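Observations on chain architecture
Okay, here's what each chain looks like letter by letter:
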Amino acid sequence: MKKLLVLFLGLLWVMGSTAVYGGVKNPDTFVLADIGSVDTLDPAKNYDVAGTHKIWTVYETLVFFDGPHTDKFVPVLATEVPTVENGGISPDGKTYTFKIRKGVKFHEGQELTPEDVVYSLKRAMICDPAGGPMWMLLEALTGYGSTRKGGKIIPGIFEKIDKAIEAKGEKVILHLPKPYPPLMGILCYSASCIINKKWAISKGCWDGDIRHAAKYNNPPEGKEPLQSVTNGTGPYKLKLWQTGNQFVFERFDGYWGPKPKIKTAIVKIVPEWSTRKLMLQNGDADRVHVGKPYVNEVKAMKGVKVYEVPQLAVTGAMFCQKINPTGNDNIGSGKLDGNGIPPDFFSDINVRKAFLHAYDRDTFKKEVLNNLCTMPPTPLVEGLAYYNKDIPVYDFDLNKAKEYMKKAWGGKVWKKGFKMVITYNTGREEREAAALMLKENIESLNPKFKIEVRNVEWKDYMVNIRAFKYPVFIIGWGADYPDPHNFMYPYMSSDGTYGKYIGYSNPEVDRLLKAGIENVDPQKRADAYNKLQQIWYKDALGIVLFQPKELWAYRDYVHGFVPNPMFPPAEEFFYRLWKE
C-alpha cells in the first residue's frame, strides 16, 4: 500500500502560482469551482447532491431547514410550519395542513396556486423513476416505498397517491396512512420542490388525470420531461447549462422574498485540483471544492477562509452481487478463468470478507483524510439516533484476506485468479485513494489477482450503477433527512438506492426496516436499527470507508455561509452570500 499511496499523495502536489490577494473581484458575481456534473434538473428524477443544489437554486419547497439546524424548519412557499400546537398537524399525526403563500410568481410569470402544490407532489410520486428519490414521499403518504413491485405497478397505488393530497381553498392537506415523524424533512428535499402545473403539462409531464398515471410512471433514463428545462419560484433563474462545463444562474427580479445581493452565480465543473487551486488563489473563483488530502495547502493560502463541517454522510465501497454482464468490460471475460469474474462473483461472502480485510482504516484516515473524518462501523453514522459504535468491523489483516480468498468459489478464485474494475466518480480524490488501496492490497495476495481502478464522470456514474455495471463502486450518501431510516433503507433494503443495485435481498432486513420507520416507540426503533447494524456486519455487504468532515474554502471577502451537517460541499445557497 505504501508505494501506491505515496505515489498518489505525490500527485497531489501542485504547481505554484502567483496569487492575487486583497480586493473584491466582481462583487455581484459568485463563482464556485466544483467537481460534480449533473444528469438531470427534474426534481422527481434527481437523486444526487450536485443536481439537488441546482434544483434548490431555481425551485422552492413548502418548508426548509432553519439555518444550521437539522430539526427546525422555516416556512417558504407555506406561510407557516405546521405543528400540533398551531393546528397544522392533527393530534393523531396523520394529517398535515399547509396554507400556501400568495403573490409568488414562477420565473415564466405564472402565479403559484395550491393546485400547483398538489400537482407537483402527486406528479413526482407518479413519475417515481427507478433509483430515484420518490421512495421517501411514497412511503410517508401511501405506506409503499415504490409504485412498482417486481417491475409491475402495484394495483391501486395511483389511487392512494390521488387521495393522499388535496387542495381546500388556500390550503393543501396531506393525509398519511400512519404517523411518519421524518415527513417535514422529506418536504425540504429537492424532490418535493413545487413546479407550475400548466407549464409542466405543456412540457410533457403527467396530464393531471389519475387514470392516465401509468403512462407517466418510470420514464426511460434521460427522457424525463424536465431533464433540462426549469421554471421555479426561487431567487435565481437558470440562464445557461453547458453539460459537464458550467451553470449560470441569474437573480430573479420578480422573487417574492428578500432580494439576493449576488446577481449572477456561476458553477464551473473543474475536475482537476491544480486548476481549482489556481482559481481560488487568483480570485477567479470565490469558493472551490477541496478534497481532504489538500486541506493543508488551502489553509496555507492567504486571503482564504476554511470551514470544517462534520457531515451526516458516509462514503463506502459497495459489492454488487448481481452484475449485468451485457457489454460490460468491468468484469473482463465474465468468467472465473483468470481473465475476468462471473456476474455473481461477490455473491460468495468469502470474496466480500477478503475485500473488507484489505481496507486499512487507520492508514487511510491518517494519510489520505488528514483525520478529517470518523470511522463508523456501518452506514448508520455518528450524530444519528441509534448509532452503535460498538458494532465490530473487519480489521485490516491481509492474512485473513488471503484465507478468505482461498475459500472463495471452492478454491477456484485462488487457483485461476481474476481481473475486474473498481470505479469511483471523477474528481473525488479520497475515493480514488481508497480504490488504489484496495487494488494494491488485494493484488498483493496473489499475482493472479488483477484490478483496474477507473474514474467515471458523475453524470454517467449513477446511470451505470442503476444498470448493475460495476463490481465494486465507491460512493457516498448524505442525509435527505436526519433519521437512521434515511441511511439504513438506501443501503440495505431490497428496494433501496444501493441495496437494490448491489443485488441484496433479505426479507428479515426489509421487515426490520419497516418496523424501524413505523414504530414511534423509541425502544422498538432502537431494537430494529441495532439488529440492522449487526446484520450489516454479518452479511459483509460493503466497506464503510469513512464519515466525512468536509471543507468549505472561500475567499475571505465572501460572507453569509451557514454550516449545516445536512449539506455537503456541492451545496451553495447563493441568496445568503455577499462579497465585501
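Conventions and cut-offs
Residues numbered from 1 in each chain as written. Predicted model: local features only at pLDDT ≥ 70, side-chain atom pairs only at ≥ 80, totals over all residues. Heavy atoms only, no water. Helix = DSSP H or I, 4+ residues; strand = E, 2+ residues; numbered from the N terminus. Rg over C-alpha atoms; globule rule 2.2 N^0.38 Å. Buried < 20%, exposed > 50% of the residue type's maximum accessible area, 1.4 Å probe, protein only. Contact = heavy atoms within 4.5 Å. Areas by Shrake-Rupley, 256 points an atom, 1.4 Å probe, with all protein chains shown as cover. Pairing = 2+ DSSP bridges. Axes fitted to C-alpha atoms, helices over the stretch in contact; angles between N-to-C directions. Disulfide = S-S within 2.5 Å. Phe/Tyr/Trp six-rings, centres within 6.5 Å; stacked < 30°, edge-to-face > 60°. Lys NZ or Arg CZ within 6 Å of the ring centre and 35° of its normal. Expected span 1.5 Å × (residues − 1). Core = buried A, V, L, I, M, F, W, Y, C linked by side-chain atoms within 4.5 Å. Parallel < 35°, antiparallel > 145°, perpendicular 65-115°, else oblique. Left-handed = near helix turned anticlockwise from the far one by under 90°. Nonpolar A, V, L, I, M, F, W, Y, C, P; charged D, E, K, R; others polar. 1 Å grid on protein atoms, 1.4 Å probe; cavity = no way out; pocket = protein on both sides within 12 Å on 5 of 7 lines; lining within 4 Å. Points joined across faces, edges and corners; volume = space filled by probe spheres on them. Patch = residues over 30% accessible without salt bridge, like charges linked within 9 Å, V, L, I, M, F, W, Y side chains within 5 Å. Salt bridge = Lys/Arg side-chain N within 4 Å of Asp/Glu carboxyl O. Lys, Arg positive; Asp, Glu negative; His and termini not counted. Charge placed at Lys NZ, Arg CZ, Asp CG, Glu CD.

Points about the overall build of the protein chain
Within the protein chain, the secondary structure is distributed over 18 helices and 21 strands. Relative to a compact globule of 580 residues, whose C-alpha radius of gyration would be 25 Å, the protein chain shows 24 Å and is just as compact. For the protein chain, buried positions account for 60% of its 580 residues. Across the protein chain, the fraction of contacts at a sequence separation of at least 24, relative to all contacts at a separation of at least 6, is 72%. Just so you have it, the protein chain exposes about 22100 Å², and 51% of that area is on carbon and sulfur atoms.

So, the sheet that holds strand β4 (residues 95-99)
One open sheet accounts for three strands, arranged β4-β8-β7; its pairing is antiparallel. The sheet terminates laterally at β4 and β7 (165-168), the two strands that pair on one side only. Ignoring strand direction, the axes of neighbouring strands in this sheet form an average angle of 20°. By the bridge criterion, five bridges tie β4 to strand β8 (residues 171-175) in an arrangement that is antiparallel. The residue bridging Lys-99 from the neighbouring strand is Lys-171, located in β8. Relative to β7, helix α5 (residues 157-164) is tilted by about 30°, and along the sheet it contacts β7 and β8.

Details of the environment of Ala-540
With respect to the helices, strands and loops of the structure, Ala-540 is situated in the loop between α18 (522-539) and β19 (542-555). Classification of Ala-540 as buried rests on a relative accessible area of 1%. Those residues in contact with Ala-540 that sit more than four places away from it in its chain are Phe-319, Ile-349, Arg-352, Lys-353, Leu-356 and Tyr-394.

Considerations on the side chain of Ser-493
Among the secondary structure elements, Ser-493 is positioned in the loop between α16 (485-492) and α17 (507-518). Under the relative-accessibility criterion, Ser-493 is labelled buried at 3%. Ignoring any residue separated from it by four or fewer positions in sequence, one finds Ser-493 in contact with Met-488, Gly-499, Lys-500, Tyr-504, Asp-510 and Leu-513.

As for the state of the cysteines
Per the stated rule, a full pass over the model turns up zero disulfides. This cysteine, Cys-127, is not joined by any disulfide, and Cys-205 carries the nearest cysteine sulfur, 7.4 Å off. For Cys-127, a relative accessible area of 3% translates into the label buried.

Focus: the packing of aromatic side chains
Describing an aromatic ring pair means giving the distance of the ring centres and the angle of the ring planes. Inspection of every chain in the model, using the stated rule, returns 46 aromatic pairs. Judged by centre distance (5.8 Å) and plane angle (80°), the rings of Tyr-47 and Tyr-189 are edge-to-face. Here Tyr-47, found in the loop between β1 (29-34) and α2 (49-58), pairs with Tyr-189, found in the loop between α6 (183-186) and α7 (197-202); they are 142 residues apart in sequence, far enough to count as distant. Taking relative accessible area as the criterion, Tyr-189 reaches 6% and is therefore assigned buried. Considering the side-chain rings of Trp-241 and Phe-247, the 5.1 Å spacing of their centres and the 15° angle between planes classify their relative orientation as stacked. Accessibility expressed as a relative area gives 18% for Trp-241, which makes it buried. The ring of Tyr-554 is capped by Arg-287, whose NZ or CZ atom sits 5.6 Å from the centre of that ring. The ring of Trp-414 carries the charged tip of Lys-406 above its face, separated from the ring centre by 5.3 Å.

Structural notes on helix α3 (residues 114-127)
Because each turn of an α-helix spans 3.6 residues, side chains separated by three or four positions in sequence point in the same direction. In this model α3 runs 20 Å from its N-terminal to its C-terminal C-alpha over 14 residues, within 8% of the 20 Å that 1.5 Å per residue would give. Just past α3, the residue Asp-128 takes up positive phi, approximately 35°.

Regarding helix α14 (residues 429-443)
Under the 1.5 Å per step criterion, the end-to-end length of α14 is 21 Å for 15 residues, consistent within 8% with the ideal 21 Å. Counting buried positions over the 15 residues of α14 gives 13, a clear majority of the element.

So, the nonpolar core
By size, the foremost hydrophobic cluster in this structure holds 171 residues, and its most contacted members are Phe-98, Leu-174, Phe-355, Phe-418 and Met-420. The dominant element in this core, judged by the number of residues it contributes, is α3, at eight residues. Excluding its chain neighbours within four sequence positions, the residues that come into contact with Phe-418 are Leu-336, Gly-338, Gly-340, Ile-341, Phe-345, Met-405, Val-413, Ile-442, Lys-448, Phe-449, Lys-450 and Ile-451. Counting 19 residues, the second largest nonpolar core, distinct from the first, contains Val-31, Leu-280, Ala-285 and Leu-372.

What to know about unusual backbone geometry
The backbone of Asp-128 sits at a positive phi, close to 35°, despite the residue not being glycine. Relative to the helices and strands, Asp-128 resides in the loop between α3 and α4 (135-142). Non-glycine residue Ala-540 carries a positive phi angle of around 50°.

A few points about the environment of Asp-495
Residue position: Asp-495 is located in the loop between α16 and α17. Between the alpha carbons of Asp-495 and Ser-146 there is a distance of 7.9 Å; along the sequence they are 349 residues apart. With sequence-adjacent residues up to four places away left out, Asp-495 is seen in contact with Lys-149, Tyr-489 and Lys-500.

Remarks on the packing of α16 against α18
For any two helices packed against each other, one specifies the crossing angle of their axes together with the interaxial distance. For the pair α16 and α18, interaxial distance at closest approach is 11 Å and the crossing angle is 40°. Our classification of the angle between α16 and α18 gives oblique. Between α16 and α18 the crossing geometry is left-handed. Mapping the contact onto sequence places His-485, Met-488, Tyr-491 and Met-492 in α16 and Arg-525, Tyr-529, Leu-532, Gln-533, Ile-535 and Trp-536 in α18. Classifying every residue of the contact of α16 with α18 by side-chain character gives seven nonpolar, two polar and one charged.

Considerations on empty space enclosed by the protein
Across all of its chains, the model carries seven cavities of 30 Å³ or more by this definition. The wall of the largest cavity is formed by 39 residues, among which Asp-48, Val-49, Gly-476, Gly-478 and Pro-568 lie closest to the centre. Per-class residue counts for the lining of the largest cavity are 22 nonpolar, 10 polar and seven charged. Of the voids in this model, the second largest cavity is the one considered here, and its volume is about 140 Å³. Taken together, 15 residues make up the lining of the second largest cavity; nearest its centre are Leu-356, Pro-377, Val-393, Tyr-394 and Gly-542. Within the residue set of the lining of the second largest cavity, elements represented by two or more residues are α18 and β19. Considering every element that reaches the lining of the second largest cavity, the biggest residue donor is β19, with three residues. Counted by class, the lining of the second largest cavity contains 13 nonpolar, one polar and one charged residues.

Structural notes on a positive patch on the surface
Together, Lys-412, Lys-415, Lys-416 and Lys-448 give the surface a local cluster of positive charge. Looking at the element boundaries, Lys-412 is found in helix α13 (residues 412-416).

Nothing here speaks to function; it is geometry throughout.
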